Amino acid sequence: MSRNCFAIPTLSMFVLSAILTPVRGESPELSSPWPQWRGANQNGVAPGNGFPQQWSESESVLWNARVPGSGGSTPVVAAGHVYVTAGEKKSENEGVNTLFAFDAGTGKETWRVALGGDTGGKHRKGSGSNPSAVTDGKNVYAYFRSGDLACVSVAGEIRWKKNLQELYGEDTLWWDLGSSPLLTENAIIVAVMQTGPSYLVAFDPTSGDELWKTKRDLDAPEEAAQSYSTPLAVTIGSEKAIAVMGADHLTLHALSDGRELGRLGGFNPGAEKYFRSISSPVALGNIIVCPYARGDTLTAVRMDDLVAGKGKESIAWFRDDLGSDVPTPAALDGRVFVAGDKGLISCLDIKNGKTLWQVELPKSRMAISSSPLVAGNQLYVTREDATTYVIGPLDQAKPEIIATNQLADDEPFTVASLVPVENDLLLRSKNTLHRIGD
């Protein structure tokens, strides 16, 4: 483990003495284990036990559903339905942003709704439909690279729709939009972090009216100013807040009005031009873990110290010998699970950053772009060719690979993350949505 090499950050603080703790179960749809990307608690942990460990195209796959069009968004689940987005191709030169609903029990498509023109993808792994939808069990909210943000009822009726680029300025990201909306009790929040004007904006879920908008223009060079990460809900005392990672900074914002509560810079002391951020942070207790530097570093921050104005002294630990560029870590019971893009899986003590165990996946030309899932006593990691490795048991000192599962739909690239539905698993591969169960 390396010692902290951070530069002294520029601070803009609202000083509070309260301790930060992550939001627990504050999604409006409490009965759903997966109403938004990374789950109700945004920690990549599925509630329950008894999840399948072994499957193939002919074994333990309950149903397959074709998803027309191109998309990398992770499915979300509520009230017996699965919601996923894709760019549905209408002609050679025309595509449509589409929100699909599937019956979770049968895999049959319930409805599909067109929500604007698909702008396609710039990268071979990307698309115009990378952000995951979010749902409160009554409505589904979908966001696309085109800037279209829409609220659709669970019956498939459009409640409201707007385009963020028409409202606030064009997209200047070099690659495909990846930031998913954040669902809270009273707001839908979107982070736009790019070269040029960057901001956080919150909308009323019912009306679509803007609740607040705050600038997030930070001193980061060229592509390093761009972020594809998703905001994280935390709580400061009795005040709910949002943590945002990108543009060489971690910032904390009040949920009520978006004002900045704390800022930590120094994630890019060498001013590297291409340190764009993809992996999102994860939090447990008072510590938030932030992957950065294209997968080369992990930084853990004591959030109460950050809002108290302690700057770089708020850093609990720092590692520059492992990390993740694209996959977002999972966290549970004082442990953080980090999936390296090339297959090094690490379990760390979240308090001090020490390695508890590591597992090396078999070498492959395929990387890992999806995020790991903790389900039951296992860790699930899916590669870009739809191969899922099951690592466990997690209550042992040295877990190992206990199953390797391959699906026929192995066309690159599977980038969506595995999610739970009841005691089964949902995997969105390149072209197909699969429900896996015993």
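Residues numbered from 1 in each chain as written. Predicted model: local features only at pLDDT ≥ 70, side-chain atom pairs only at ≥ 80, totals over all residues. Heavy atoms only, no water.

A.B. asks: For this particular structure, what's the right way to read the pairing of strand β5 (residues 81–91)?
C.D. replies: On any regular strand, side chains alternate: one points to one face of the sheet, the next to the other face. Among the 11 residues of β5, eight are classified as buried, and the element is accordingly described as predominantly covered. The sheet contact formed by strand β4 (residues 76–78) and β5 spans three bridges and is antiparallel. Across the sheet, Val76 pairs through a bridge with Tyr83, a residue of β5. Note: β5 against strand β6 (residues 94–103), 10 bridges, orientation antiparallel. From the neighbouring strand, Glu88 faces β6, where its bridge partner is Val96. As consecutive antiparallel partners, β5 and β6 are separated by two residues. (Buried < 20%, exposed > 50% of the residue type's maximum accessible area, 1.4 Å probe, protein only. Helix = DSSP H or I, 4+ residues; strand = E, 2+ residues; numbered from the N terminus. Pairing = 2+ DSSP bridges.)

A.B. asks: Please clarify how the pairing of β6 should be interpreted in this entry.
C.D. replies: For β6, the tally of buried residues reaches eight of 10 residues, placing the bulk of the element in the interior. Note: β6 against strand β7 (residues 109–117), six bridges, orientation antiparallel. Note that in β7 the partner of Ala101 across the bridge is Trp111. Connecting β6 to the antiparallel partner β7 that follows it, the hairpin turn spans five residues, and Gly107 within it adopts a positive phi of roughly 85°.

A.B. asks: What am I meant to see in the packing of aromatic side chains here?
C.D. replies: Each aromatic ring pair is summarised here by two numbers: the centre-to-centre distance and the angle between the ring planes. Enumeration over the complete set of coordinates arrives at nine aromatic pairs. Taking 6.2 Å as the distance between ring centres and 45° as the angle between the ring planes, the aromatic pair formed by Tyr141 and Trp160 counts as tilted. With Tyr141 in strand β9 (residues 139–143) and Trp160 in strand β11 (residues 158–163), this pair connects stretches of sequence that are 19 residues apart. The burial state of Tyr141 is the same as that of Trp160; both residues are buried. Judged by centre distance (5.3 Å) and plane angle (65°), the ring pair of Tyr168 and Tyr199 falls under edge-to-face. With Tyr168 in helix α1 (residues 164–168) and Tyr199 in strand β14 (residues 199–203), this pair connects stretches of sequence that are 31 residues apart. When the ring centre of Trp37 is taken as origin, the NZ or CZ atom of Arg38, which lies over that ring, is 5.7 Å away. (Phe/Tyr/Trp six-rings, centres within 6.5 Å; stacked < 30°, edge-to-face > 60°. Lys NZ or Arg CZ within 6 Å of the ring centre and 35° of its normal.)

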